[in-house]
Amino acid sequence: MSNIVFRHHWRRVKDVPLSWKTSRKVMQQKIAWRNGTRSMSSEAGESYDVIVVGGGHAGCEAATAAARMGATTLMLTHKIETIGEMSCNPSFGGIGKGHLVREIDALDGVCAKICDKAGIHFKILNRRKGPAVWGLRAQIDRDLYRKYMQEEILSTPNLTVKAAAVEDLIIGEKNQQQTDCSHGNADCHGVILADGSKLYSKSVVLTTGTFLRGCIHLGLEQRPAGRIGDEPAIGLAKTLEDAGFTVGRLKTGTPPRLDGQTIDYSKLQQNSPDDNPTPFSFLNKQVSIKPEDQVVCHLANTTSRVGEIIMNNRHLNIHIQQDSHGPRYCPSIESKIMRFGNKGHQIWLEPEGLNTNIVYMQGFSITLPAELQEQCVHSVPGLENATMTRPGYGVEYDFMDPRQVSPSLETKRIGNLFFAGQINGTTGYEEAAAQGIVAGINAALKASNKPAFTISRAEGYIGVLIDDLTTHGTTEPYRMFTSRAEFRLTLRPDNADLRLTSKGYNVGCVSNHRYKQTQSVDDELSEGIDLLKSIHMTANKWQQSFHQLTCDVPITGSRPTHISAFELLQYNNVTVKLLSDVLPENKVLKDLAEDLQLVHRLQTAGLYDHLLAQQYQDIEEVKLEEELVLPTDIDYDRMRLSNEVKQRLAEVRPTTIGAAGRIQGVTPAAIVQLLNYVKRKQKLSGKDSILL
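Report follows, based on the coordinates. Just so you know, these numbers come straight off a predicted model, no measurement behind them.

Once that is clear, we can look at the overall build of the chain. Broken down by element type, the chain carries 22 helices and 23 strands. Per-residue burial over the chain gives 57% buried out of 692 residues. Contacts in the chain between residues far apart in sequence, at least 24 positions, make up 74% of those at least 6 positions apart. As presented, the chain carries roughly 29,500 Å² of accessible surface, and 49% of it is formed by carbon and sulfur atoms.

Here it is in C-alpha cells:
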C-alpha cells in the first residue's frame, strides 16, 4: 500500500474556538503534516523511544501515556483530522465500560477528561442495583470530542504526530545480552512506511482498530476499507501473518444516521439526562455542559415489518452470510431478528452533537442494501418520514489471537512489539483505551529497560479485561461487563483512583498534581469514616431520632447495644445528610454532608463495609497465586500431563500459577503437577522458591 496524500480540512466547532497556544501548535502540526510526505524520505535515520501506530482510542491513550512518562513518542496515523474519531456510537461508558473509563482516568489517561468536556447527556445506568455496579455513561458530541482530543494530542510534550501509512515492521534478532526469552527470538526496532522510509524506535505499539485487511460490506457490495473513507492496512496485516502470529477474522457494524428534523418525536419515549451529572474524571467536580443545556434521547421500537424485510432479503446481505463472528452483546438488527425472533426490539435515537441534526440509531446496526435499510427505518413508528443521511454498513477485519500477548501487552513472538485495542479481539472505545494506556506505559518502560507494569484481576477491571484476553483468548468481539469481575464490591467506579493512581504514579505515568489530589481524597475519606464511626447511639435512640424526621429506618437483626453512624450507612435510606439532620449540633458532620462527591464515597464504603472482609480474604488468596511466578522457559512436554493440557499451557504460556489455573481445560490436578514440577526444578538448581 502506498502513502496516500489527503487534503486536510481542519474542522472547527461553532462558538468553541481553540486557545491561542493550541491554535499555534495545531498550525505547526498541520504545516509539518503537509510537508511530511515530501520530506519523509530524508528522515530515514529518525529515531524515537516509542512509536504508536494508530490515532484511535487505543492509540491516543498509548501515545499520551508513553509521552507522559518522558519517552520521545511518535504517533503515526492515516489522517491527522481523524485522530479521536468516534467511528461508531457517539457515547462513552455504560455497565462495566464506565468502570474502565474511571480506571483509565485514575492512571491519568485522557478520554475521561475529554468526555467531561464534550458530553451532552450524562446518565448513570443500573441504579436499581448497588453503586458497585453502576454504569457511568454519557452521550458525546462527536465534533467536540474529536476537537478536544486533537488539542490534547497535538499539545502533549514529547509527542510528535505524523500522517503516514505503516506498511511493515523492522524486525531484527534479539539483543544477545537479553536473558528474557519470553518474547520470542526477535525484536521490533521500528516501522517501514508505505514510501519505504524507515523510522526506528525501542518499542512499537500497534493500535490498528478495524484496519488490518479491513473490508466494508453494504448489501452485496464489498470494498477494502478500515472505515468509510479510510484505506485498510494490507501490508502490515501480511507482515504479522508472515511473522507467525495466529490471525482470526471478526466483524462489526454501524447503524444508519438520520436527519433529526424529520423524526416524529411525539410517537417516541423521551429519556432525559441526570439532573446532577456525574463526571468521568476524578479531577472534575462538574461537567462542562450544564444539565439544562444537555440533550434528550428517545426510545423507539421495531415492528414486525422490519423483521419481514430482513428475513426476505437475507440473500442480499453478504455480511450476515460470513463465518466471521460479530459482537454477541451489541448485535446487528439482522442478528437480533434471526436469534430472538421478529418481536419489538429497542432502538435508542441519540443526537450526535449540539451543532448538528444527525441522529444515531443505537441498536439498529444493519448491512442490507441502502434502499432496503430505508424501508426498515420507515417501518419504525416515529420514523415513517425520516430521512436517512447515511446508510449503515459492516466491517470485517483481522485480529490477532490475544493469547499471543503477555499481561503487559507485549507480544510473546516478537519483543518490543505491543498490541492494543481491536487487534486483540475487543470491541468498544473503552476496552481499546484501557489496553492503550497499559501498552503505552509498558512500551515506555521497555524503552527504558524497566520492569513491566501490570494490573491484576484483584486490582481493576483493566486487569480482568487483559487477563481474560491473554488467558482465554476470544472468538468474538470481547466486551466488558461487571459480571466478568470476581471482586465487584472492591472494584467500584468510586474508588478507582484509590486503587490505581498510586500504582501509576510509582511508574511515572501519573502527574504529581493528580497524585496529591488522590492522597488528599484518601485522607478526607479516612477522616470521614473515623468521624462516623465515633458517633454511637442505641438502636432505640437512632430510631426515635429518625421518627422525629418522619423517616423510617428498620434496624433489624442482631445488633449490639450501640450502633455507629457508619454502620447505619448499610441501610439504603440512610444518608450522610440524614445523619447530619439527626445531629444538627455536629458542625463537622454538617460540613461533611455538603461535599457531595466525598459523601458518595462515604455512603458507598458504609454500604459495603460489612461485606468486604470475605472479599479481602479472597483477594489475598488470589494475590498469593499470582505471586507464584512460572519460569519463562518451562518445557511442558517433559511434564506428565495430558496432551490437551500440555497444548493449552504451551499456547498461552501463563506467567503465574494463578493464570494457569484460569485456562480453560487445565484441571486442578494439572496445577498440582505443575507446582510440584517447578519445585523439583528449583530444588535441583539450588533455589528454595519458585518466585523467579
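In terms of nonpolar packing, the biggest core is built from 105 residues, with Phe92, Tyr145, Val191, Leu206, Leu240 and Leu417 touching the most fellow members. Residue contributions to this core peak at 11 residues, all from helix α10 (residues 429-447). Setting aside anything within four residues of it in sequence, one finds tyrosine 145 in contact with His57, Gly84, Met86, Phe92, Cys111, Ile114, Cys115, Ala118 and Ile140. In this structure, Ile529, Trp542, Val576 and Leu583 belong to the second largest nonpolar core, which totals 31 residues.

Further remarks concern the environment of leucine 268. The topology assignment puts leucine 268 in the loop between β13 (257-259) and β14 (269-271). What makes leucine 268 buried here is its relative accessible area of 11%. For the pair leucine 268 and glycine 382, spaced 114 residues apart in sequence, the C-alpha to C-alpha distance is 6.4 Å. In contact with leucine 268, not counting residues within four places along its chain, are Ile263, His298, Leu299, Ala300, Leu349, Pro381 and Gly382.

Spatial strand order, β11-β10-β19-β12: 4 strands in an open sheet with antiparallel pairing. Since the sheet does not close on itself, it has two edges, and those belong to β11 (221-224) and β12 (247-254), each with one partner. When the angles between neighbouring strand axes are averaged without regard to direction, this sheet yields 25°.

The residue aspartate 108 is not glycine, and still its phi comes out positive at about 70°. Assignment of secondary structure puts aspartate 108 in the loop between α3 (97-106) and α4 (111-118). With a relative accessible area of 5%, aspartate 108 lands in the buried category. Even without being a glycine, asparagine 416 presents a positive backbone phi close to 70°. Among the secondary structure elements, asparagine 416 is positioned in the loop between β20 (414-415) and β21 (417-419).

Right, let's talk about the packing of aromatic side chains for a bit. To describe a pair of aromatic rings, one takes the distance between the centres and the angle between the planes. Within this structure, the stated rule accounts for 6 aromatic pairs. Both rings, one in phenylalanine 245 and one in phenylalanine 419, keep their centres 5.3 Å apart while their planes meet at 55°; by these two values the pair is tilted. In this pair, phenylalanine 245 sits in the loop between α6 (234-242) and β12 while phenylalanine 419 sits in strand β21, placing the two residues 174 residues apart along the sequence. Across the pair, phenylalanine 419 and phenylalanine 245 agree in class, each one buried. Look at tryptophan 542 and phenylalanine 546: their rings are 5.9 Å apart centre to centre, the planes differ by 20°, and that puts the pair in the stacked class. Of this pair, tryptophan 542 and phenylalanine 546 both sit in helix α14 (residues 539-548), separated by 4 residues, roughly a single helical turn. Cluster of aromatic residues (ring-pair linked, three or more members): Phe92, Tyr145 and Tyr429. Note that arginine 102 overlies the ring of phenylalanine 282, its terminal NZ or CZ placed 4.5 Å from the centroid. The ring centre of tyrosine 478 lies 4.1 Å from the NZ or CZ of arginine 484, which sits over that ring.

Quick look at the sheet that holds strand β16 (residues 346-351) now. Pairing in this open sheet of 6 strands is antiparallel, and the strands run β14-β15-β16-β17-β13-β18 from one edge to the other. Each edge of the open sheet is held by one strand with a lone partner, namely β14 and β18 (388-390). The sheet shows a mean angle of 35° between the axes of neighbouring strands, taken without regard to direction. Pairing of strand β15 (residues 297-301) with β16, which is carried by 4 bridges, proceeds in the antiparallel orientation. Paired with histidine 298 across the strands is leucine 349, a residue of β16.

Criteria and cut-off values
Residues numbered from 1 in each chain as written. Predicted model: local features only at pLDDT ≥ 70, side-chain atom pairs only at ≥ 80, totals over all residues. Heavy atoms only, no water. Helix = DSSP H or I, 4+ residues; strand = E, 2+ residues; numbered from the N terminus. Buried < 20%, exposed > 50% of the residue type's maximum accessible area, 1.4 Å probe, protein only. Contact = heavy atoms within 4.5 Å. Areas by Shrake-Rupley, 256 points an atom, 1.4 Å probe, with all protein chains shown as cover. Core = buried A, V, L, I, M, F, W, Y, C linked by side-chain atoms within 4.5 Å. Pairing = 2+ DSSP bridges. Axes fitted to C-alpha atoms, helices over the stretch in contact; angles between N-to-C directions. Phe/Tyr/Trp six-rings, centres within 6.5 Å; stacked < 30°, edge-to-face > 60°. Lys NZ or Arg CZ within 6 Å of the ring centre and 35° of its normal.

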